[in-house]
Amino acid sequence: MAGHDASDRFAREATVEPDAIARARTHALELGADPVSPPIGAQLALLAQVSRALNVVEIGTGAGVSGLWLMHGAPRAILTTIDKEPEHLQAARRAFSDARIAPARARFITGRASDVLPRMNEASYDIVLVDADADGVIEYVEHGLRLVRPGGLVLVPRILAGGAVADPVRRDPVTTAYRSLIQETQSSPAVIGALSIVGEGLLQLTTIDETH
């Protein structure tokens, strides 16, 4: 455990966060939001870049931090961000403006993801980031897999639940939901999944594109 803690600390210290994202993080923390860590943000940017993402959805805005990381990696992408907290969305608007991101590149939707996602077009997005209520994570991932194109990505940060998922004694609903999600997606014939344990953890899922 000590070795993992040291590696995690090194990853945090080694990650260079762009100034606009660092400012957004400061404002997010002042609001009481819980944005993704810099190492997770860097992974989001890399995945957005290598997938050449053009249409991205994030569930839970983190007051703009995760969206900025995604757009850092996908500078031509259009981002749709969904959050039930208007104050967090407003902070994201300010963060995007501060980063000089054109208003036409971001769409802000206030509401519960469980109400918004069923109305969105399936197979229309390159990435869906699920960073919202842990108790709804399985439902949101199911929607995400429906919304992404073949070969698209569904990304779930915080999947390790602060180390609780690895502890077999922990049986609370949140831990159980995350653990079940990992197990079900690893054994599913419809997706390929990988689990990163850097930072708070990141579950990476891609739908299988049978045309290749």
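The structure we're discussing is the one just above.
Computed from a predicted model, the values in this text were never measured in an experiment. (Residues numbered from 1 in each chain as written. Predicted model: local features only at pLDDT ≥ 70, side-chain atom pairs only at ≥ 80, totals over all residues. Heavy atoms only, no water.)

Asker: Give me the pattern of salt bridges: which residues, what numbers.
Answerer: Enumeration over the complete set of coordinates arrives at 6 salt bridges. The partner of Arg 23 in a salt bridge is Asp 98, and the shortest N-O contact between them spans 2.8 Å. Highlighted residues: Arg 23 in helix α2 (residues 19–31) and Asp 98 in helix α5 (residues 86–98), separated in sequence by 75 residues. A residue is classified by how much of its surface remains accessible, and Arg 23, at 39% relative accessible area, is partly exposed. You can call Asp 98 partly exposed: its relative accessible area is 38%. In the salt-bridge network here, residues are joined through shared partners; they are Asp 34, Asp 131 and Arg 158. (Salt bridge = Lys/Arg side-chain N within 4 Å of Asp/Glu carboxyl O. Helix = DSSP H or I, 4+ residues; strand = E, 2+ residues; numbered from the N terminus. Buried < 20%, exposed > 50% of the residue type's maximum accessible area, 1.4 Å probe, protein only.)

Asker: Break down the packing of helix α3 (residues 38–50) against helix α4 (residues 65–73) for me, citing the residues and quoting the values.
Answerer: Running from amino to carboxyl end, α3 crosses α4 at an angle of 40 degrees, the nearest separation of the two axes being 7 Å. In terms of crossing hand, the pair formed by α3 and α4 is right-handed. Counted together, Pro 38, Gly 41, Ala 42, Leu 44, Ala 45, Ala 48 and Gln 49 of α3 and Ser 66, Trp 69, Leu 70, His 72 and Gly 73 of α4 form the full contact between these two elements. Each residue belonging to the contact of α3 with α4 can be placed in one class, and the counts come to 7 nonpolar, 5 polar and no charged. (Axes fitted to C-alpha atoms, helices over the stretch in contact; angles between N-to-C directions. Left-handed = near helix turned anticlockwise from the far one by under 90°. Contact = heavy atoms within 4.5 Å. Nonpolar A, V, L, I, M, F, W, Y, C, P; charged D, E, K, R; others polar.)

Asker: Could you give an account of the side chain of Thr 61, naming the residues involved and the relevant values?
Answerer: As for its position among the elements, Thr 61 is in the loop between β1 (55–59) and α4. Other than its neighbours up to four places away in sequence, Thr 61 contacts Ser 66, Thr 81, Ile 82, Asp 83, His 88, Leu 89 and Ala 92.

Asker: Explain the pairing of strand β5 (residues 148–157) to me, using residue names and the numbers behind them.
Answerer: Among the 10 residues that make up β5, 7 are buried, leaving the element largely enclosed by the rest of the structure. Two strands pair when backbone bridges link them, and strand β4 (residues 125–130) and β5 are joined in this way by 4 bridges, in the parallel orientation. Each bridged residue has a counterpart across the sheet, and for Ile 127 the counterpart in β5 is Leu 153. You can see the chain leave β4, run along helix α7 (residues 137–147) and come back into β5, and the turn it takes is right-handed. For β5 and strand β7 (residues 202–207), the ladder comprises 5 bridges, and the chain directions are antiparallel. Bridging from a neighbouring strand, Leu 153 pairs with Thr 206 of β7. (Pairing = 2+ DSSP bridges. Right-handed = clockwise from strand over helix to strand, strands pointing away.)

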